[in-house]
Every structure is written in C-alpha cells, then in structure tokens.
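The residues making up each chain are set out below.
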Amino acid sequence: AKDGDWAGALEHAKAAKELSPDNAGAALLHLRAQMNLLNVRTSNQDSAGAGTWRDIRKQLSALEKEGVTAEEIKNIQFTLALQQKKYTEAESLIAELEQSGLSKSRIAVAEAELLVAQNKLDQAIHKLQVAIEKSPENIKLVNYIGILLDRQGSHERCEKVFQDAMVRIKEPIALRKL
C-alpha cells in the first residue's frame, strides 16, 4: 500500500482475511485499499474488486460492532467522508476523534486535510502553523505544511519552515526524515 499499489494491497488483504478472518488489521487494510481503488475508479482507471462506497460503510459498521478500535474506525470514516466530499460529516468525525483522545497534532492534520479538501489552503497552513507552535518537533506537521506551501508556490516560505525546523529539532533521526 505504501507504494500506491492498492490493487496488490487489496489482494494481500483479502488473502490475510481468508487466513485469519478475525484479524482487524487485515480488514482495515482491505477497506483502505477498496476506498483508494474507488477513488481511482472515479479517475476512469480500472479498479476491479473495489466494491462500492455503500459496501465500505457496511463493512465499517460491522467492524465497529465487532469492537475494532473506535479511533481506527473513525479515521477511516473520516477519510471516506473526505473522499465523498461529505465535509459536514468529516467535521463531526473530527470532533469524535478529539473526544477519543487522538493526539492534538493528528487532530490538526485531520482539520488541515478537511480544509485542503475544501480548497482552503491558507486556512490549512495556518492550522498547521498553530499546531507546530504547540508541538515544534513534530516532523509530520512540518512536512505537511511544506507540501502545502510548495503546492501554493510559496517556495521561500516552504524553505523557511524547513530551516526553522532543522534549528528546532535536535533528534538526528527526525532531522534525516525532514
């Protein structure tokens, strides 16, 4: 899945589910692969076996009833809502994720993802800047804001964000990831 081969990920997840039907990780990967393949389908590419959005929602409900971690389910539901452009639902899911105890930085990323989906890049960047002030060593936040600034064509601001992060972050492993 990391290399974008969602068809391959779907096949592997399907095999894992057959070998271990109670494996929540395999079921969640299967759902993520289906969702990504459905997005590909809307781009007029082949996505055989992806199912439908309704199928995915049914599977999520079943996993929720089986006791799969609510946070994992809510994360997938949030992604699903974004992909279907159901922004009000995505906002509600962010509130539920906050109540579930998800980290403040992950919440900030979800809020930024929602803003980006609505084509509100400036607001998303601001949201991430505030999150970086609260969690200055979080490289995921730095990387995401860098991507958004680059997308906007704000290359100098992008460069400054990374330079500031390199001064701030002391951990060598984290620096290599920047």
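Residues numbered from 1 in each chain as written. Predicted model: local features only at pLDDT ≥ 70, side-chain atom pairs only at ≥ 80, totals over all residues. Heavy atoms only, no water.

A closer look at the overall build of the chain
When helices and strands are counted, the chain shows ten helices and zero strands. Across the chain, helices and strands are ordered from the amino to the carboxyl terminus as α-α-α-α-α-α-α-α-α-α. Within the chain, the proportion of its 178 residues that are buried is 38%. Of the contacts made within the chain by residues no fewer than 6 positions apart, 47% connect residues no fewer than 24 positions apart. Carbon and sulfur atoms provide 50% of the accessible area of the chain, an area that totals close to 10600 Å². (Helix = DSSP H or I, 4+ residues; strand = E, 2+ residues; numbered from the N terminus. Buried < 20%, exposed > 50% of the residue type's maximum accessible area, 1.4 Å probe, protein only. Contact = heavy atoms within 4.5 Å. Areas by Shrake-Rupley, 256 points an atom, 1.4 Å probe, with all protein chains shown as cover.)

Examining the side chain of asparagine 75
Within the secondary structure, asparagine 75 is located in helix H4 (residues 70-83). The exposure class of asparagine 75 is buried, given its relative accessible area of 11%.

Digging into unusual backbone geometry
Phi is positive for lysine 85, close to 60 degrees, though the residue is something other than glycine. Structurally, lysine 85 can be placed in the loop between H4 and helix H5 (87-99). A relative accessible area of 59% places lysine 85 in the exposed class. Within the chain, asparagine 119 stands out as a residue other than glycine whose phi angle is a positive 65 degrees.

Focus on the pattern of salt bridges
As enumerated under the stated definition, the model contains six salt bridges in all. Arginine 57 is the partner of glutamate 89 in a salt bridge, and the nearest nitrogen-oxygen pair spans 3.1 Å. Of this pair, glutamate 89 sits in helix H5 while arginine 57 is found in helix H3 (residues 53-65), placing the two residues 32 residues apart along the sequence. Measuring nitrogen to oxygen at the nearest pair gives 3.1 Å for the salt bridge that ties aspartate 164 to lysine 160. (Salt bridge = Lys/Arg side-chain N within 4 Å of Asp/Glu carboxyl O.)

Let's talk about the packing of H4 against helix H6 (residues 104-117)
One way to put it is that H4 packs onto H6 with a least axis distance of 10 Å and a crossing angle of 15 degrees. Compared by their axis directions, H4 and H6 come out roughly parallel. Every pair of crossing elements has a handedness; the one defined by H4 and H6 is left-handed. Contacts from Asn75, Phe78 and Leu82 of H4 reach H6 at Arg106, Ala110, Glu113, Leu114 and Ala117. Across the contact of H4 with H6, the residue classes break down as five nonpolar, one polar and two charged. (Axes fitted to C-alpha atoms, helices over the stretch in contact; angles between N-to-C directions. Parallel < 35°, antiparallel > 145°, perpendicular 65-115°, else oblique. Left-handed = near helix turned anticlockwise from the far one by under 90°. Nonpolar A, V, L, I, M, F, W, Y, C, P; charged D, E, K, R; others polar.)

Function-wise, these values are silent; they only describe arrangement.
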